[in-house]
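# Structural characterization, general
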Amino acid sequence: MGTHYVIALFIDYSVGIFFGLILNKYFTFKIKEKIDFSIIGKSIISNVFIFLMNIIILYVFIDMFKIDPYIAQLIALIAIAISSYFFYKYYIFKDLTDG
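First, a word on what this report is: a plain description of the structure on this page. (Residues numbered from 1 in each chain as written. Predicted model: local features only at pLDDT ≥ 70, side-chain atom pairs only at ≥ 80, totals over all residues. Heavy atoms only, no water.)

### Overview of the nonpolar core
As a reminder of what qualifies: Here, nonpolar core refers to any group of buried Ala, Val, Leu, Ile, Met, Phe, Trp, Tyr and Cys residues whose side-chain atoms link them within 4.5 Å. The rule is simple: take the accessible area with a 1.4 Å probe, protein chains only, and divide by the maximum for that residue type; under 20% is buried, over 50% is exposed, in between is partly exposed. The helix and strand labels rest on DSSP assignments: H or I over at least four residues marks a helix, E over at least two residues marks a strand, and numbering proceeds from the N terminus. Whether two residues are in contact is decided by their heavy atoms: any pair within 4.5 Å suffices.
Formed by 13 residues in total, the largest nonpolar core has its most connected members in L9, Y13, F51, L58, I62 and I80. Sorting the residues of this core by element identifies α1 (5-28), α2 (37-64) and α3 (69-92) as the ones contributing at least two each. Of all the elements, α2 adds the most residues to this core, at 7 residues. Sequence-distant contacts of Y13, defined by excluding residues within four places in its chain, comprise N47, I50, F51, N54 and I80. Of all hydrophobic cores here, the second largest spans 7 residues; its members include F29, I31, I39 and F93.

Next up, the structure:
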């Protein structure tokens with residue numbers, strides 16, 4: 001596609017924060033309460049951290065180890081998915097889940 005991976009990630013996370021919050025609320029954690037501004041704020045903070053983590057992982061694999069960007073993102077996806085789950089369970093929805 002020719003787009004630098006940081007720009008592509010920024011676009012992905014800009015859209016993904018909203019969809020991730022909704023999907024995790026209803027499907028992953030089955031939360032019935034309304035989403036308030038504190039949850040939105042926690043989601044944004046968490047996703048900024050995960051975004052930065054993703055950039056660092058991609059930088060290491062793409063720019064330092066010269067791994068194909070698609071393979072690098074596939075590798076990063078594992079760390080990002082696990083981190084995201086724990087952020088949602090123990091930080092964003094902490095007071096609304098059993099965990």
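### A word on unusual backbone geometry
Notably, K30 is not glycine yet its phi reads approximately 50 degrees, a positive angle. Here K30 shows up in the loop between α1 and α2. For K66, which is not glycine, the phi dihedral falls at a positive 60 degrees. Its location among the elements puts K66 in the loop between α2 and α3. Relative accessible area serves as the criterion here: at 65%, K66 is assigned to the exposed category.

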